[in-house]
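A closer look at the structure
Here's the letter readout for the chains.
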Amino acid sequence: MKIHYISAENSILNHFLAQLRDVNIQKDSMRFRKNIERIGEIMAYELSKKLPYKDIAVQTPLGVKHTTCIEDNVVLCSILRAGLALHTGFMNFYDNAENGFVSAYRRHGKHGEASEILVEYQAAPSFQDKILILIDPMLATGQSLVAVINKLMAEEKPKELHIAVVIAAPEGIQYLEENLPDNVNLWVATLDEKLDDHNYIVPGLGDAGDLAYGHKL
């Protein structure tokens, strides 16, 4: 798996990441969503540098300009619900992309013990031989992402698979490396230290879905 760490160089990305983590700033859910969206735009731009392009000729009022545009169809697919704001950032750049949405959650037993990850809701276009960008802000254990990918790939195969996450834990990256093909591209805005005993990313930022959309039952 090819890993791209976007925050390795200083940029305004780090400014938005710092605001996401700040316990005072993140109390404003609208600002939190907007920062996630802006990070999505930055990631969409960086990812675009690795996509295939084709030559085109554009008619202007004064002549013809020879330039390039993205060659293949792009499908954006986010994992509900935390991925929605990040998805919006990508849509702002890939305005011709098709869009899909998938739900994934861990079902717990009667006494709180963890059970399997369920991937139930799926509304996605065909991505056969297209570029699929899978969007999820937090890569913790990696198990939900792998479950979603296995579900999506059961019948169709994209030309390229890119995974975009804002914050990743080393444990999650290792799990993806062990369970996904070598030709997958993982885009990470920033890498954190570890997972705690509850599988939360440390130092992280908390629950991205709750911060963006309110606490769930």
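We now turn to the structure provided with this report. This structure is a prediction, so every number in the text was calculated from the model and none was measured.

Reading guide: rules and limits
- Residues numbered from 1 in each chain as written.
- Predicted model: local features only at pLDDT ≥ 70, side-chain atom pairs only at ≥ 80, totals over all residues.
- Heavy atoms only, no water.
- Buried < 20%, exposed > 50% of the residue type's maximum accessible area, 1.4 Å probe, protein only.
- Helix = DSSP H or I, 4+ residues; strand = E, 2+ residues; numbered from the N terminus.
- Arc of directions from axis to C-beta.
- Contact = heavy atoms within 4.5 Å.
- Salt bridge = Lys/Arg side-chain N within 4 Å of Asp/Glu carboxyl O.
- Axes fitted to C-alpha atoms, helices over the stretch in contact; angles between N-to-C directions.
- Parallel < 35°, antiparallel > 145°, perpendicular 65-115°, else oblique.
- Left-handed = near helix turned anticlockwise from the far one by under 90°.
- Nonpolar A, V, L, I, M, F, W, Y, C, P; charged D, E, K, R; others polar.
- Core = buried A, V, L, I, M, F, W, Y, C linked by side-chain atoms within 4.5 Å.
- Pairing = 2+ DSSP bridges.

1. Some words on helix α1 (residues 12–21)
L13, F16, L17, Q19 and L20 are the residues of α1 that are buried. Looking straight down α1, one finds its buried side chains confined to an arc of 160°; they lie on one side. Buried-residue contacts for α1 involve α2 (29–48), β11 (160–168) and β12 (185–191).

2. A short note on unusual backbone geometry
Following L80, the chain continues to R81 via a peptide bond in cis, the omega torsion being -5°. Inspection of the secondary structure assignment puts R81 in the loop between β4 (74–80) and α3 (84–93). Of note, the amide linkage connecting V202 to P203 takes the cis form, showing an omega dihedral of 0°. Mapped onto the elements of the fold, P203 is located in the loop between β14 (201–202) and α6 (208–213). Backbone geometry places D129, a non-glycine residue, at a positive phi of 60°. Along the chain, D129 falls in the loop between β8 (122–123) and β9 (131–135). The phi angle at N199 is positive, at roughly 65°, despite the residue not being glycine. The residue N199 is located in the loop between β13 (194–195) and β14 in this model. On the accessibility criterion, N199 (40% relative accessible area) is partly exposed.

3. Brief notes about the pattern of salt bridges
Tallied over the entire structure, the rule returns 6 salt bridges. Taking the shortest distance from any N to any O, the salt bridge between R21 and D192 comes out at 2.8 Å. With a gap of 171 residues between them, R21 in helix α1 and D192 in the loop between β12 and β13 connect regions that are remote in the sequence. Given a relative accessible area of 8%, D192 falls into the buried group. We note a salt bridge from E37 to K34, for which the minimum N-O separation is 3.6 Å. Within this pair, E37 and its partner K34 are both found in helix α2, separated by 3 residues, close to a single helical turn. On the accessibility criterion, E37 (15% relative accessible area) is buried.

4. Points about the packing of α1 against α2
α2 packs onto α1 with a crossing angle of 150° between their chain directions and a minimal axis gap of 9 Å. Here α2 runs roughly antiparallel to α1, going by the angle between their axes. The crossing of α1 and α2 is left-handed. Counting all contacts with α1, which are made through I12, L13, F16, L17, Q19 and L20, the residues of α2 involved are R31, F32, N35, I36, R38, I39 and I42. Considered class by class, the residues forming the contact of α1 with α2 number 9 nonpolar, 2 polar and 2 charged.

5. Here we look at the nonpolar core
By size, the foremost hydrophobic cluster in this structure holds 37 residues, and its most contacted members are I39, F90, Y94, I133 and V166. When contributions to this core are tallied by element, the ones reaching two or more residues are α1, α2, β4, α3, β9, β11, β12 and α6. Take this core: its biggest share by element is 7 residues, from α2. If sequence neighbours within four positions are ignored, V166 has contacts with L17, L20, I36, I39, L86, D136, P137, V188, A189 and T190.

6. Considering the pairing of β9
Counting buried positions along β9 gives 5 out of 5 residues, so the element sits mostly inside the fold. Covered by surrounding structure in β9 are I131, I133 and I135 together with L132 and L134, the residues of both alternating faces. As defined by bridge partners, β9 adjoins β11 across 5 bridges and the pair is classed as parallel. Each bridged residue has a counterpart across the sheet, and for L132 the counterpart in β11 is L161.

It is worth stressing that arrangement in space is one thing and function is another; only the former is reported here.
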